[in-house]
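Chain residues, written in single-letter form:
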Amino acid sequence: MGATTRALFLSCFHGGGGSEVTRRLALRPRYPSMPRRPKGAAAAGGGGGRGGGDLEAAEVAGNEEEEKVAMFSVSGMTCAACAGSVEKAVKRLPGIHDAAVDVLGGRAQVVFYPAFVSENRITEAIEDVGFEAKLIDEEVMEKNILLCRLHIKGMACKYCTSTVEFVLQTSPGVQRASVALATEEAEIRYDRRIVSATQLIQAVEETGFEAILLTTGEDRSRIDLKMDGVLDERSLMMVESSVQALPGVENVKFDTELNKVTILYKPDQTGPRDLIEVIKSATSGLVNASIYLEADGRDQHRYGEIKRYRQSFLWSLIFSIPIFLTSMVFMYIPWLKAGLEKKVFNMMSTGELLRWILSTPVQFVIGRKFYAGAYKAMCRGSPNMDVLIALGTNTAYFYSVYSVLRAATSDNYMSTDFFETSSMLISFILLGKYLEILAKGKTSEAIAKLMDLAPETATLLIYDHEGSVVGENEIDSRLIQKNDVIKVVPGGKVASDGFVIWGQSHVNESMITGESRPVAKRKGDTVIGGTVNENGVLHVRATFVGSESALAQIVRLVESAQMAKAPVQKFADQISRVFVPLVILFSLLTWLAWFAAGRLQSYPNWWIPPSMDNFQLALQFGISVMVIACPCALGLATPTAVMVATGVGASHGVLIKGGQALESAQKVDCIVFDKTGTLTIGKPVVVDTRLLKNMVLREFYDYAAATEINSEHPLAKAIVEHAKKLHPEENHIWPEARDFISVTGHGVKAEVGDKSVIVGNKSFMLSSDIDIPLEASEILMEEEEKARTGIIVAMDQEVAGIISVSDPIKQNAHEVISYLKSMNVESIMVTGDNWGTANAIGKEVGIEKIIAEAKPEQKAEMVKELQMSGRTVAMVGDGINDSPALVSADVGLAIGAGTDVAIEAADIVLMKSNLEDVITAIDLSRKTFFRIRMNYVWALGYNVIGIPIAAGILFPSTGFRLPPWVAGAAMAASSVSVVCWSLLLRYYKSPKIVGS
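Predicted model only: the values in this text are computed from it and were never measured.

Chemist: Any chance you could explain a nonpolar patch on the surface here in plain terms?
Modeler: Together, Val578, Leu582, Leu585, Leu588, Leu589 and Leu592 line one region of the surface with nonpolar side chains, adding up to about 540 Å² of accessible area. Take Val578: it is sitting in helix H20 (residues 569-599). On the accessibility criterion, Val578 (43% relative accessible area) is partly exposed.

Chemist: What am I meant to see in the sheet that holds strand S19 (residues 505-508) here?
Modeler: The strands making up a sheet are joined through hydrogen bonds of the backbone, oriented either antiparallel or parallel. Read from one edge to the other, the open sheet built from 3 strands follows the order S20-S19-S22, with strand pairing classed as antiparallel. Two strands bound the open sheet, and with one partner strand each, they are strand S20 (519-521) and strand S22 (532-533). When S19 meets S20, the two strands line up antiparallel, connected through 3 bridges. What sits directly across from Val507, in S20, is Val519.

Chemist: Just to check I follow, could you spell out the packing of aromatic side chains for this structure?
Modeler: Given two aromatic rings, one states the distance between the centres and the angle between the planes to describe the pair. Taken as a whole, this structure holds 11 aromatic pairs when the rule is applied. Seen from their ring centres, Tyr399 and Tyr402 are 6.0 Å apart, and the 45° between their planes marks the pair as tilted. With Tyr399 and Tyr402 both in helix H15 (residues 385-408), this residue pair falls 3 residues apart, about one helical turn. In this structure, Arg406 is placed above the aromatic ring of Tyr413, and the distance from its NZ or CZ to the ring centre is 4.1 Å. We note Lys755 situated over the ring of Tyr703; from NZ or CZ to the ring centre the distance is 5.9 Å.

Chemist: It is not clear to me how the pattern of salt bridges should be interpreted in this structure. Could you clarify?
Modeler: Side chains bearing opposite charge may pair, as long as their charged atoms lie close to each other. Enumeration over the complete set of coordinates arrives at 21 salt bridges. With a closest N to O distance of 3.4 Å, Lys487 and Glu472 form a salt bridge. Taken as a pair, Lys487 in strand S17 (residues 485-488) and Glu472 in strand S16 (residues 469-476) lie far apart in primary sequence, 15 residues in all. According to the relative accessible area criterion, Glu472 is partly exposed, its value standing at 43%. Across the pair Asp796 and Lys755 runs a salt bridge whose closest N-O atoms are separated by 4.0 Å. In this pair, Asp796 sits in the loop between strand S30 (789-795) and strand S31 (798-806) while Lys755 sits in strand S29 (residues 755-760), placing the two residues 41 residues apart along the sequence. Residue class for Asp796 comes out partly exposed when judged on its relative accessible area of 38%.

Chemist: I keep staring at unusual backbone geometry and nothing clicks. Help me out?
Modeler: At Asn346, a position not held by glycine, the phi torsion is positive, near 50°. Although it is not a glycine, Asp739 adopts a positive phi angle of roughly 55°. Here Asp739 shows up in strand S27 (residues 737-743). Look at Asp739 and you get exposed, because its relative accessible area is 61%.

Chemist: Whenever I open this one, the nonpolar core confuses me. Can you help?
Modeler: Side chains of nonpolar character tend, in soluble globular proteins, to be buried together. One finds Ile188, Ile671, Phe673 and Ile908 to be the most contacted residues of the largest nonpolar core, which totals 78 residues. Excluding anything up to four places from it in sequence, Phe673 contacts Thr678, Leu679, Ile817, Leu820, Ser827, Ile828, Met829, Val830, Ile847, Val876, Leu915 and Val918. Ranked by size, the runner-up nonpolar core spans 45 residues in total, among them Ala407, Leu430, Ala618 and Ala967.

Chemist: Help me understand the environment of Asp476 in this model?
Modeler: By the secondary structure assignment, Asp476 is in strand S16. For the pair Asp476 and Thr457, spaced 19 residues apart in sequence, the C-alpha separation works out to 4.5 Å. Every residue in contact with Asp476, bar those within four places of it in the chain, is listed here: Ile291, Glu456 and Thr457. Of note is the side chain of Asp476, whose polar atom sits 2.8 Å from the backbone nitrogen of Arg478.

Chemist: I would appreciate a short explanation of helix H30 (residues 835-845) in the present structure.
Modeler: Because an α-helix completes one turn every 3.6 residues, residues spaced three or four positions apart along the sequence face the same direction. Residues of H30 that are buried include every one of Gly836, Thr837, Ala838, Ala840, Ile841, Gly842 and Val845, and no others. Structurally, H30 contributes buried residues whose contacts are with helix H24 (675-679), helix H28 (774-785), S30, helix H29 (813-822), strand S32 (826-830) and strand S33 (849-851).

Chemist: What am I meant to see in the side chain of Asp917 here?
Modeler: Within the fold, Asp917 resides in helix H34 (residues 916-950). Ignoring anything within four residues of it in the chain, the contact list for Asp917 reads His652, Gly653, Val654, Leu910 and Lys912.

Chemist: Would you take a moment to explain the sheet that holds strand S10 (residues 249-255) for this structure?
Modeler: Taking strand neighbours across the sheet as the criterion, the 4 strands line up as S10-S11-S9-S12 in an open arrangement whose pairing is antiparallel. Where the open sheet ends on each side, the last strands, each with one partner, are S10 and strand S12 (287-291). Strand-to-strand twist in this sheet, taken as the mean axis angle between neighbours without regard to direction, amounts to 30°. Docked against the sheet, helix H9 (residues 233-244) engages strand S9 (221-229), S10, strand S11 (260-265) and S12, running at close to 160° with respect to S10.

Chemist: Explain the pairing of S29 to me, please; I cannot follow it from the model alone.
Modeler: Each regular strand displays side chains that alternate between the two surfaces of the sheet. For S29, the tally of buried residues reaches 5 of 6 residues, placing the bulk of the element in the interior. Sheet topology places strand S28 (residues 747-752) next to S29; 6 bridges connect them, and they run antiparallel. For Ala750, the partnering residue across the bridge sits in S29 and is Val757. Once S28 ends, the chain turns through 2 residues before running back antiparallel as S29, passing Gly753 with a positive phi of about 60°. Across 4 bridges, S29 lies against S30 in antiparallel orientation. When the bridges of S30 are listed, Gly760 appears paired with Ile792.

Chemist: It is not clear to me how the UniProt feature "transmembrane region" (unreviewed entry) in the protein chain should be interpreted in this structure. Could you clarify?
Modeler: Under the present numbering, the feature "transmembrane region" (unreviewed entry) in UniProt falls on residues 312-333, 353-371, 383-402, 422-439, 578-597, 617-637, 936-955 and 967-988. Along residues 936-955 the backbone is 80% helical and 0% strand, and the end-to-end C-alpha distance reaches 28 Å. Secondary structure over residues 967-988 splits into 77% helix and 0% strand, and the C-alpha atoms at its two ends are 34 Å apart.

Chemist: Explain the packing of helix H13 (residues 350-366) against H15 here, please?
Modeler: To characterise two packed helices, one gives the angle between the axes of the helices and the distance between these axes. It is at 11 Å that the axes of H13 and H15 come closest, and there the two elements cross at 150°. The angle between H13 and H15 places the two elements in the roughly antiparallel class. Two packed elements cross with a definite hand, and for H13 against H15 that hand is left-handed. Of the residues in H15, those touching H13 at Glu352, Trp356, Ser359, Thr360, Gln363 and Phe364 are Thr393, Asn394, Tyr397, Phe398, Val401, Val404 and Leu405. In terms of residue class, the contact of H13 with H15 is made up of 7 nonpolar, 5 polar and 1 charged.

Chemist: I keep staring at a negative patch on the surface and nothing clicks. Help me out?
Modeler: Together, Glu775, Glu778, Glu782 and Glu785 make up a negatively charged patch on the protein surface. Checked against the element boundaries, Glu775 lands in helix H28. On the accessibility criterion, Glu775 (48% relative accessible area) is partly exposed.

Chemist: Any chance you could explain the side chain of Ser505 here in plain terms?
Modeler: Note that Ser505 resides in strand S19. Among the residues examined, Ser505 registers a relative accessible area of 4% and is labelled buried. Here the side chain of Ser505 touches Asn533 through a polar contact of 2.5 Å, side chain to side chain. A distance of 3.0 Å separates a polar atom in the side chain of Ser505 from the backbone nitrogen of Gly536.

Chemist: Could you clarify how one ought to interpret the environment of Ile949 in this entry?
Modeler: Among the secondary structure elements, Ile949 is positioned in helix H34. Sequence separation of Ile949 and Arg961 is 12 residues, and the distance between their C-alpha atoms is 7.5 Å. The contact partners of Ile949, leaving out residues within four places of it in the chain, are Leu954 and Phe960.

Chemist: Explain the pairing of strand S25 (residues 670-674) here, please?
Modeler: For S25, a buried count of 5 out of 5 residues is recorded, marking the element as mostly surrounded by other parts of the structure. Residues Cys670, Val672 and Asp674 line one face of S25 and the alternating positions Ile671 and Phe673 line the opposite face, and both faces are buried. As paired strands, S25 and S32 are joined by 5 bridges and run parallel to one another. Bridge assignment links Ile671 to a residue of S32, and that residue is Ser827. Here 4 bridges tie S25 to strand S34 (residues 873-877), and the two strands are oriented parallel to one another. Counted as the bridge partner of Cys670 is Val873 from S34.

Conventions adopted
Residues numbered from 1 in each chain as written. Predicted model: local features only at pLDDT ≥ 70, side-chain atom pairs only at ≥ 80, totals over all residues. Heavy atoms only, no water. Patch = residues over 30% accessible without salt bridge, like charges linked within 9 Å, V, L, I, M, F, W, Y side chains within 5 Å. Areas by Shrake-Rupley, 256 points an atom, 1.4 Å probe, with all protein chains shown as cover. Salt bridge = Lys/Arg side-chain N within 4 Å of Asp/Glu carboxyl O. Helix = DSSP H or I, 4+ residues; strand = E, 2+ residues; numbered from the N terminus. Buried < 20%, exposed > 50% of the residue type's maximum accessible area, 1.4 Å probe, protein only. Pairing = 2+ DSSP bridges. Phe/Tyr/Trp six-rings, centres within 6.5 Å; stacked < 30°, edge-to-face > 60°. Lys NZ or Arg CZ within 6 Å of the ring centre and 35° of its normal. Core = buried A, V, L, I, M, F, W, Y, C linked by side-chain atoms within 4.5 Å. Contact = heavy atoms within 4.5 Å. Polar contact = N/O pair within 3.5 Å; in protein donor to acceptor, adjacent residues only side chain to side chain. Axes fitted to C-alpha atoms, helices over the stretch in contact; angles between N-to-C directions. UniProt positions renumbered as here; feature names shortened; annotations may be inferred. Parallel < 35°, antiparallel > 145°, perpendicular 65-115°, else oblique. Left-handed = near helix turned anticlockwise from the far one by under 90°. Nonpolar A, V, L, I, M, F, W, Y, C, P; charged D, E, K, R; others polar. Lys, Arg positive; Asp, Glu negative; His and termini not counted. Charge placed at Lys NZ, Arg CZ, Asp CG, Glu CD.

Structural data, given as structure tokens:
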């Protein structure tokens, strides 16, 4: 399971492709590729002759060389035209199959034939067009490519995220950057040889936002230790030098105010207990160290933000309520009205002075964050929501100040103030932000629940030199190191990934895999940290701890999925770029239009409220337009829904690798199923053996097992397991197999002892020039009719026998196919097995369209053919041979019990290995995108309807006008409503299938 989840984690970096697929071009070329082979070109070192005759001869002779992929670092590119020049120069060379250039990453990836062109020639071609080029060693490059995460404070809307994302994307050494408003985080894939995490933080802060490093992505662990005791300068020096001397320790940093030391180390070389022991021994017991208890970094930031917004809102409320009462309520109470209208200076009343005094701290102290955000936004030339709020509240406040001061210096001017507008507006916006942060925190509850699965303590077993248990200690689970042996009692949680070295029990893994039935565990079986031991006592040797554990990597996978943008989000990105400037322009035009209409007497005087003049009425409309417009709802529409959906999917055992997978899955109308391990259990068993030569059964199986022992195919494992049963000893040693050859989808062959052994299907025998006797053909036909697989074993070019293997169909497979049909999704089965077995399985599960005896590349070709016919295709598989089809499909779904390559190549991983989860994945994606569409309908509808109303479109006919503070409340409510609508996905339930 640890390996499986590591593959999941790696897939976030490789974009979901397998190792071979990852090496292929992920960039979109700007120019057409050259033909597969250059016409009229001879192999390097060969003579010309007759226009390709030598080449044809080479191909006939079977000397055709394979393609090669090379990556080049290209410096000096500044725009798309530069990238186009490089790409065109490379593609002009003979022997170039394909090329693509990444101008932001400063890279060029080239697929070429070494027989016709070399890496040096490609480098020269790039340099000839004016750029510096250097071949990159892929292994070195992969080690230097890291993924760091930053928490970014101060982002108010989609415009802010676009600005930060653009700055990061254009930074040298950054390959990919994505910024999420919902989580206020950035995920950056970068080359540490070119740029550091510190430089990335500086780049963000130059745009006016505060960035806090969460993880650097480097292969090291971090631990914070609290130090107690004598902490003088001498002790700290001794601690630093002693800890730094430990192997694997990279950095030691002290925080004397908190009595804390932060240590960065490599978990393969040292561990937290070693560090604590060294600190204690180095100071002769004068200083003791323990785990520094503090909340997770993200939680700290979120809780701090919630606290700040709550305090700001409550303080603004203390000032705003009196302002609101004196302007809107007390004016209708005669004895209070008289007191409020009492003149202080000339025409300035007590009520106006009181409102001025109360609104000033709201405007400049409580609302200072909006000023700071607006200033930074304008400095970087990207106006955001803070600009709209600052403009709207300042316009209301300063006009009110002007009006009150004019009344104070005049004997006849009656002032009209909007102090309640600016203060109430800030109060409602703070309330909206507070509720929005609370709601956004709930979108990642699934991750929090996963992280809480790890137990707080663990029982560490102590061994003597002879390997006997001499004691046990209860330790903090974060102090577990590799190769520690942990005791797990009945009802206790497994504290770390590892394998059982003693005992047997059943372990409930439902919290990780979603599998409801407890899994039997005995010596040698692997266990997952965070799972619950049901009955017996287990001794577990820790293998993956801390950030390497399956639980930690599943959390990282879900976090990366939540950062990945869905294509539909581009719609919101395009609108956000022009939204704020257009709103400011429209607000100004609204004010001018109403002011001009009043000056031209184009509406009756009764339209204007008694307490306002024409200028004031126009001003109010302009402010209302400015504060009601809300780009935030558009920016939150997609990411909040994707965050909740990926978290909910993980809790159901369906790991979705981002918004792209979700969006593609909801469009699926055709699913291609692999047979073995997907529709069937994947653990075939031998049910019958028919010998066609006079030999002992055990001898027959010795030859077959010796040949198949090197194969990873499930059928091969079934033969080996059956052969073991014929030997009484536990670890039987098979005869040596020489010259082993495996032909994917057909069989294997090897030299065993003095015999040449071939094990495989009928077509493999025929291609190996082995005649199939009539008796063998009849047996094969019988087995096919029984939905069994007949495996032929040939020795010395003669058929020696046939092994019948059956792979049971998974429970509810027929019901799943039937349910998919009701969802208007067609099911197709593609298998490398024979037609008879494939037809029998297809008939039993209810699949009509079947392709049998298909090689891996044929599976991928079929997927492409379906796509060309206009279908959106999903592929469900579990093996290495399925990975090409998984990559080719619009959505690849890998069975969690499958191979690492298949899981890495897939977009969605079904952790429980249940077919019902195929339905869950599609149904969840459809419900998610229904909510995303509704979010956009609400966000767009709110702005399309709200802005004209705020501009006064209803005023001429009804006299209705929207006060600015009401418009501000509506703006705040729009973001909260979008987040809450997405949060309803938390209550998602998988479809109930009849028979499940």
